[in-house]
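Residue-level listing of the chains:
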Amino acid sequence: MTTPDTVTGDALAGLRVLDVATLFAGPLAATLLGDHGAEVIKIEHPRGGDPSRTHGVQRDGVGLWWKMLGRNKKSVTLNLSTSDGQELFRALAADADVVIENFRPGTLERWGVGWDVLSARNPRLVLARVTGFGQFGPYANRPGFGTLAEAMSGFAAITGEPDGPPTLPPFGLADGVAALTTAFGIMTALRARDSTGRGQVLDMAIIEPLLTLLGPQVIGYDQLGVLQQRTGNRSGNNAPRNTYRCADGQWVAVSTSAQSIAERVLHLVGRPDLAAQPWFASGRQRAEHADELDEAVGGWIAQRDRDEVIVEFEKAQAAVAPIYTAADVLEDPQFRALGSIVSVDDDELGPIRFQNVPFRLSETPGRVRTSGPPLGRHTAEVLARYGVDAARLEQLRAAGAV
């Protein structure tokens, strides 16, 4: 087992993680651990590697998504369907703290590297198994992706315009939420290991974390038989809450979750008469008058450019935000102040920018040390720890094991 390094100041220094997962929840969970100093060894198939290398936009044939997702990782090629690959993986897992995988249930067992085998050699191991539907149940063996979780969790059913179809997000929402949950689950298991001395299995079904974030949908139906309907950008809990177009064609979003904010907004747009109505005192009742409130707020905003709208809202201490693209994010002074975007010197592409560590710790803040490496960049370095010299490595390559 590895020994904590107290020199670097990274909270997870000394933790060794094997990332054997692909697309996208498992790998992103490993990324989050790597951000805080864990040594993340990315195990990839020798032919092609993680599919995220070819997903999305590319520059000069180099996948840009991978550069962010593969940050702070070492790339090692290993073919787990070969006996040599399996034996090497068992050796790697015997020296690891965490393994993250997302194969269909039973796949690791078929390869001879299931929990019973790995835990027998390394009782302190935490095995995180990230799948669409979990390790058991009638859907366990179905192929599962974040899109299916967004559909089955109830998210799509309540997203979209009232007269439109259920709407899916244009990015990996369910995978991202599952990644954050997986990282938390791993840290919980490691904390338990401090007390028990034993690792355990984390069974992460991607359909579950997003379901949790949907709030009172289930209990509302259970207790009242109420199903939330699609309301577009409006909320069934408060109003005004929407996106509004400014005179210059730009857009802003307004939120009035707090009663005091709602009152400030209506006074700002010159409609204190609406704020004085009896129904205005309740967020849910305000939502029932959304047409009237949107007309008042939207009409005021439509007569002003976005910059003026934001300045006036800030003066009134009301909640507003511009609708940003990625180009706007890169120029925004708040994101710059937080360091939300980091610049990295990549050995394939030169200077590149992408999202930084998503939170800050005062003593051990985490950091992006490297961007996603080329496929197999660290195979020789890592396998040398387990007695694989240059000659043996060539034999393994010839056999298709690495």
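Residues numbered from 1 in each chain as written. Predicted model: local features only at pLDDT ≥ 70, side-chain atom pairs only at ≥ 80, totals over all residues. Heavy atoms only, no water.

1. Here we look at the environment of Q303
The cut-off we apply is this: The secondary structure listing takes helices from DSSP runs of H or I that are at least 4 residues long and strands from runs of E that are at least 2 residues long, numbered from the N terminus. Accessible area is worked out with a 1.4 Å probe on protein chains only. A residue is then buried under 20% of its type maximum, exposed over 50%, and partly exposed in between. Polar contacts, as counted here, are pairs of nitrogen or oxygen atoms within 3.5 Å of one another; within protein the pair requires one atom able to donate a hydrogen and one able to accept it, and residues that are adjacent in sequence qualify only if both atoms are side-chain atoms.
You can see Q303 is positioned in the loop between α13 (290-302) and α14 (306-315). Judged by its relative accessible area of 63%, Q303 falls in the exposed class. Placed 79 residues apart in sequence, Q303 and V382 show a C-alpha to C-alpha distance of 62 Å. A polar atom in the side chain of Q303 sits 3.4 Å from the backbone oxygen of G299.

2. Details of the sheet that holds strand β11 (residues 320-322)
To keep it simple, the criterion reads: Pairing between two strands is assigned when DSSP locates at least 2 bridges connecting them. Note on geometry: axes are C-alpha line fits, over the in-contact stretch for helices, and angles between N-to-C directions span 0 to 180 degrees. Should any heavy atoms of two residues lie within 4.5 Å, those residues are counted as being in contact.
One open sheet holds the three strands; their spatial order is β9-β10-β11, and the pairing between them is antiparallel. The open sheet has two edge strands with one neighbour each: β9 (242-245) and β11. Neighbour-to-neighbour, the strand axes of the sheet open up by a mean angle of 30°, direction not taken into account. Note that β9 and strand β10 (residues 251-254) share four bridges and pair antiparallel. The residue bridging N242 from the neighbouring strand is V254, located in β10. Together, β10 and β11 form the strand contacts of α14, whose direction differs from that of β10 by roughly 25°.

3. Section: the pattern of salt bridges
Pairing is possible between side chains of opposite charge, provided their charged atoms come close. Under the convention used in this document: When a carboxyl oxygen of Asp or Glu lies within 4 Å of a side-chain nitrogen of Lys or Arg, that pair is called a salt bridge.
For the structure on display, the rule yields 28 salt bridges. For K73, the salt bridge goes to D19, with nearest N and O atoms at 2.8 Å. Here D19 lies in strand β1 (residues 16-19) and K73 lies in strand β5 (residues 73-77), a separation of 54 residues in the sequence. Residue K74 is joined to E381 by a salt bridge in which the shortest nitrogen-to-oxygen separation is 2.9 Å. Taken together, the positions of K74 in strand β5 and E381 in helix α17 (residues 379-383) put the pair 307 residues apart, joining distant regions of the chain. Given the relative accessible area of 21%, K74 is considered partly exposed. Through salt bridges with shared partners, a single ionic network connects R16, E39, K74, D95, E381 and R385.

4. Some words on the packing of aromatic side chains
Each aromatic ring pair is described using two quantities: the centre-to-centre distance and the angle formed by the ring planes. Applicable threshold: To pair, rings of Phe, Tyr and Trp, with the six-membered ring standing in for Trp, must have centres within 6.5 Å; the planes then decide the type, stacked if under 30 degrees apart, edge-to-face if over 60, and tilted in the middle. Counting as a charge over the ring demands two things of the Lys NZ or Arg CZ atom: a distance within 6 Å of the ring centre and an angle within 35 degrees of the ring normal.
Under the counting rule described, the total for this entry stands at five aromatic pairs. With centroids separated by 5.8 Å and ring planes inclined at 75°, the aromatic side chains of F133 and Y139 adopt a geometry described as edge-to-face. We classify Y139 as partly exposed; its relative accessible area is 35%. Seen from the ring of Y139, R142 lies directly overhead, with NZ or CZ sitting 3.7 Å from the centre.

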